[in-house]
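Overview (structure and organization)
Read off the chains here:
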Amino acid sequence: MTSLAGKRIVLGVSGGIAAYKAVEICRRLMDEGAHVIPVLTKGATRFVGRTTFDALASERVQMSLFDEDDPIPHTTLGQTADCVLVAPATARVIGAYAAGISSDLLTATLIATRAPVVVCPAMHTEMWEHPAVAHNIATLAERGVHIVGPESGRLAGGDEGAGRLSSPADVVAAVSRVLDVGEKRSDMAGLSVVVTAGGTREPIDPVRYIGNHSSGKQGYAFAEEAAGRGASVTIVTTVDRPGPLGATVASGVTVVRVDTAEEMAAATADAAKDADVVIMAAAVADFRPVDPAGVKLKKRDGVPAIELEPTPDILASLGASKPEGQILIGFAAETCDVADNAAAKLNGKGADYIVANDVTAESAGFAHDTNEVLVLASDGRAHSVGLRSKRQVAQAVLDLVVADRDGRADVR
Ligand code: PMT
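Counting from 1, residues in each chain are numbered in the order their sequence is written. This being a predicted model, a pLDDT of at least 70 is required before a residue's local features are given, and a value of 80 or more before pairs of side-chain atoms are given or counted; all residues contribute to the totals for chains, interfaces and linings. Hydrogens and water molecules were not included; the side-chain quantities draw on all heavy atoms of the structure.

A word on the site of the ligand
Spelled out, the test is: By convention in this text, a residue qualifies as near a molecule or strand provided that one of its non-hydrogen atoms is within 4 Å of it. Here a polar contact means two N or O atoms within 3.5 Å. Within protein one must be a hydrogen donor candidate and the other an acceptor candidate, and residues neighboring in sequence count only if both atoms are side-chain atoms. Numbered from the N terminus, helices here are DSSP runs of H or I no shorter than four residues, and strands are runs of E no shorter than two. Any residue that is not Ala, Val, Leu, Ile, Met, Phe, Trp, Tyr, Cys, Pro, Asp, Glu, Lys or Arg is counted as polar, Gly included; the first ten are nonpolar and the last four charged.
Looking at the ligand, there are 29 residues lining it, with Ser-214, Ser-215, Lys-345, Asn-357 and Ala-367 nearest. Within the contact set of the ligand, an oxygen atom lies 2.8 Å away from a backbone nitrogen or oxygen of Gln-218. In the model, an oxygen atom of the ligand is placed 2.8 Å from a nitrogen or oxygen of the Phe-331 main chain. For the shell around the ligand, the elements supplying multiple residues, two or more each, are α9 (217-228), α11 (314-320), β16 (327-334) and α12 (338-349). Looking at the shell around the ligand element by element, the count peaks at four residues for β16. Looking at the shell around the ligand, its residues break down into 14 nonpolar, nine polar and six charged.

Considerations on the environment of Gly-43
Formally: Buried residues are those whose accessible area, probed at 1.4 Å on protein chains only, stays under 20% of the maximum for their type, while exposed residues exceed 50% and partly exposed ones sit between those limits.
Positionally, Gly-43 belongs in the loop between β2 (35-40) and α2 (50-56). Using a relative accessible area of 30% as the deciding quantity, one classes Gly-43 as partly exposed.

Observations concerning the state of the cysteines
Linking two cysteines covalently via their sulfur atoms produces the bond known as a disulfide. Definition in use: Cysteine sulfur atoms are paired as a disulfide whenever they come within 2.5 Å of each other.
Enumeration over the complete set of coordinates arrives at zero disulfides. Of all cysteine sulfurs in the structure, the one in Cys-120 sits closest to Cys-83, which takes part in no disulfide; the separation is 9.2 Å. Under the relative-accessibility criterion, Cys-83 is labelled buried at 0%.

Some words on the pairing of β2
Using the following cut-off: Handedness of a crossover is defined as follows: orient the strands so they point away from the viewer, and if the path from the first strand over the helix to the second runs clockwise, the crossover is right-handed.
Most of β2 sits inside the fold, with five of its six residues counted as buried. The β-α-β motif built from strand β1 (residues 8-13), the intervening helix α1 (residues 19-31) and the parallel element β2 has right-handed crossover chirality.

Below, the structure is given as structure tokens:
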């Protein structure tokens, strides 16, 4: 395969034990036809020799900001790269990149490039979970840097936890996806998927409503990921387009615009009748004014007493009438006791999965480009997805759905 043929990839390697896996990543990139330029930090050379990369890559290893042939190697590298990949990325490199500090050739190249950047963190669990590292990762993700991994598993020293570098195959696949040259996934071809997105608006009067902070980004990310994998998608949404995710809605997505919970309930019930997968990412208001005013309420008439009533619980009624084989995914937006509250929603609403987000966590939940979720399945499995782009969250959840369908006899 030569899916990366002609692509100039700067392979940044920083100083962690996982640097030895960068050799395999380099080889795989070369096998895919990429032109690989290795940039090693001083720390990286404590773990793996530059001769190895010299022998495998398209060009010799570069390490210095000062070069006799090229007075500005970081600018040349940054400007000519199709992608800058950092694998492994240590806490130091991540911190320097997030802070805009260029202390060596790798960090200078990261700051000098406009090419897409893929960062693959690898470090011990204590470091990965340190608030400073979490903050730096969130900053990079918000800026559009693609974060791949880390995975959980056995780490150097024998202990277990999150922080292991993603596998070389996953890293190379991520680069292909970012450059949009990878093999297109089609594991949802033939499936019909319904997604809800955005916050409903329950009118108080013609100019005011009860609403919430949902931007629709998470719902659209699901719609686009499912469509990208071949599904035919209907999105029932209160927002036309949540902006930063891209200029157009993916082809294969039918958009149904609604405003209120009542409208969303009707449109979703209709679309879900024949759906294989239903994803309730919308933030539906739980209450609405019983009797919205026909004209704008006036301040001079005093503070209005607004009587509220419950809205239809869309997820619960879909759960109660779910066709056999359909996979129903609810969300839970929580501010405390996330796992317990999500488990209660999973049991109470007849869903197959609940995707729980702590909407008070940094860079997660409402309106952010990133999210961090705990996925609970009705058979007791739990799967946590660390902070990453909403598209990557959608990808991780849909991976579970596809695996679930592949393993089930009763699917349609
Ligand atoms: O849109 P973004 O800005 O990208 O933000 C994403 C998000 C935070 C909105 C999303 O990730 C999310 O958590 N969506 C669910 C928000 C919510 O309403 O959660 P809830 O815990 O109140 O509701 C639980 C589930 O029941 C949800 O699937 C909801 O769609 C559904 N529900 C709620 C009330 C109701 N009347 N009918 C419903 O179907």
